[in-house]
Amino acid sequence: MKLANLGGRAVLVTEDRAVDVHRASAGRFGPDPQSLFDDWASFAQWASTATDATPEASVTLDVAALGAPVPCPRQVFAIGLNYAEHAAEAGYPPDSMPVTFTKFPSSIVGQDAVVELPEGHVDWEVELVVVIGREAHRLEREQAWDHVAGLTIGQDLSERITQLQGTAPQFSLGKSFPGFGPTGPWLVTPDEFADRDDLAISCRLSGESMQSSRTSMMLYDVPELLVRLSAVCRLLPGDIIFSGTPAGIGNRRTPPRFIGPDDVLVSEIEGIGTLTTRFTAGD
Ligand code: ZN
């Protein structure tokens, strides 16, 4: 199943159209995309039979108009240094714990967002984003995928001066300017992937390839991240986890490269699609 947010309404994505969840379910689910995660198991069960049965609920799919598939997560976890080559370029040895911070939920946007660039050095980080479908605390590794509603593409946009200033760096602030959490274009359920643990992941800035790797290169894979995070926090339905970025970020290039107002950032993950983000100069 592919689930999207079309103008604030949950839709199932079919070939080139979409099915309005609220109408197709006669009001049982939606229209708010975030509400589906409260009873994800029932929704997924219904959705598995719904796609073709309801022509009156079929709507045109305008991909550029899609909002974030998870628009208002209660918790947004983000993981740093989760690919060895990226940890090395950033100057850190691999850690014995996943480096964990948050992107405050007000930073979350969807497909084709136009992000106003704050003063400073704005950098890209393509990431696989995991969406929680069932509450979890102290998960065992074997159960972890059962708690995942789906996967989507994310950009952990980062203003490096804010992020790295001070004695203890300000990761969460430097990564939470408005629009700094593009996600989408839609959520794809884990059963749709041939191998959900090994997906090609890449991004291009204005046509130039910047990052290219595979999610199987993560130091802590998706089940391990859920085990480690849920050992401390309760993971709630509709929470999202940015799972870390591969090598190729802008501030470790020679010379450094940062995002400018005319740049277009295209992020891609195998089996999900592409997420486009545009930028504009700040005042
Ligand atoms: Zn990141």
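Residues numbered from 1 in each chain as written. Predicted model: local features only at pLDDT ≥ 70, side-chain atom pairs only at ≥ 80, totals over all residues. Heavy atoms only, no water.

This brings us to helix 6 (residues 222–230). In terms of burial, helix 6 is a largely internal element, eight of the nine residues being buried. In this structure, the buried residues of helix 6 make contact with strand 6 (76–80), strand 7 (99–102), strand 11 (126–132), strand 12 (148–155) and strand 17 (240–242). At the N-terminal boundary of helix 6, the capping side chain belongs to aspartate 221, with an oxygen 3.0 Å from the backbone nitrogen of glutamate 224. (Buried < 20%, exposed > 50% of the residue type's maximum accessible area, 1.4 Å probe, protein only. Helix = DSSP H or I, 4+ residues; strand = E, 2+ residues; numbered from the N terminus. Contact = heavy atoms within 4.5 Å. Polar contact = N/O pair within 3.5 Å; in protein donor to acceptor, adjacent residues only side chain to side chain.)

Attention now goes to empty space enclosed by the protein. One pass over the full model with this rule turns up one cavity of 30 Å³ or more. Computed from the structure, the largest cavity encloses a volume of approximately 170 Å³. Around the largest cavity sit 19 residues that line it, and His86, Glu125, Arg160, Gln163 and Phe171 are the ones nearest its centre. Here the lining of the largest cavity takes three residues from helix 4 (residues 160–164), the largest share from any one element. Looking at the lining of the largest cavity, its residues break down into eight nonpolar, five polar and six charged. (1 Å grid on protein atoms, 1.4 Å probe; cavity = no way out; pocket = protein on both sides within 12 Å on 5 of 7 lines; lining within 4 Å. Points joined across faces, edges and corners; volume = space filled by probe spheres on them. Nonpolar A, V, L, I, M, F, W, Y, C, P; charged D, E, K, R; others polar.)

Quick look at the coordination of the zinc ion now. Note on the zinc ion: its protein donors are Glu125 (OE), Glu127 (OE) and Asp156 (OD). The metal-donor distances range over 1.9 to 2.1 Å. We note that the donor set of the zinc ion lies within a single chain, spaced as E-x1-E-x28-D. Of this pair, glutamate 127 sits in strand 11 while aspartate 156 sits in the loop between strand 12 and strand 13 (158–159), placing them 29 residues apart in sequence. (Donors = N, O, S within 2.8 Å, 3.2 Å for Na, K, Ca; no water.)

The next thing to look at is helix 2 (residues 40–50). Given 3.6 residues per helical turn, the α-helix brings residues three or four places apart onto the same face. Turning to helix 2, its buried residues are Trp40, Phe43, Trp46, Ala47 and Ala50. The buried side chains of helix 2 occupy one side of the element, clustering within an arc of 130° when seen end-on. With respect to the buried face of helix 2, the exposed residues turned more than 90 degrees away are Ala41, Gln45, Ser48 and Thr49. Looking at the buried residues of helix 2, the elements they touch are strand 1 (2–6), strand 2 (9–13), helix 1 (21–24), strand 12 and strand 14 (181–188). (Arc of directions from axis to C-beta.)

This part takes up the domain arrangement of the protein. Domain assignment breaks the protein into domain 1 (2–61) and domain 2 (76–281). The centre of domain 1, based on its C-alpha atoms, is set 26 Å off from the matching centre of domain 2. Each side of the interface is counted separately: domain 1 has eight residues, and domain 2 has 11 residues. Of the roughly 820 Å² buried where domain 1 meets domain 2, counting both sides, 67% is carbon and sulfur surface. Broken down residue by residue, the surface that domain 1 buries against domain 2 is led by Lys2, Phe37 and Trp40, which jointly contribute 65%. Run the count over domain 1 and domain 2 and you get zero salt bridges. Joining domain 1 to domain 2, the criterion identifies two residue pairs in polar contact (both at pLDDT 80 or more). With three residues, strand 1 is the single largest residue contributor to the side of domain 1 that touches domain 2. Looking at the side of domain 1 that touches domain 2 residue by residue, the class counts come to six nonpolar, one polar and one charged. (Domains from an automatic or database assignment. Buried area = accessible area lost by both parts, 1.4 Å probe. Salt bridge = Lys/Arg side-chain N within 4 Å of Asp/Glu carboxyl O.)

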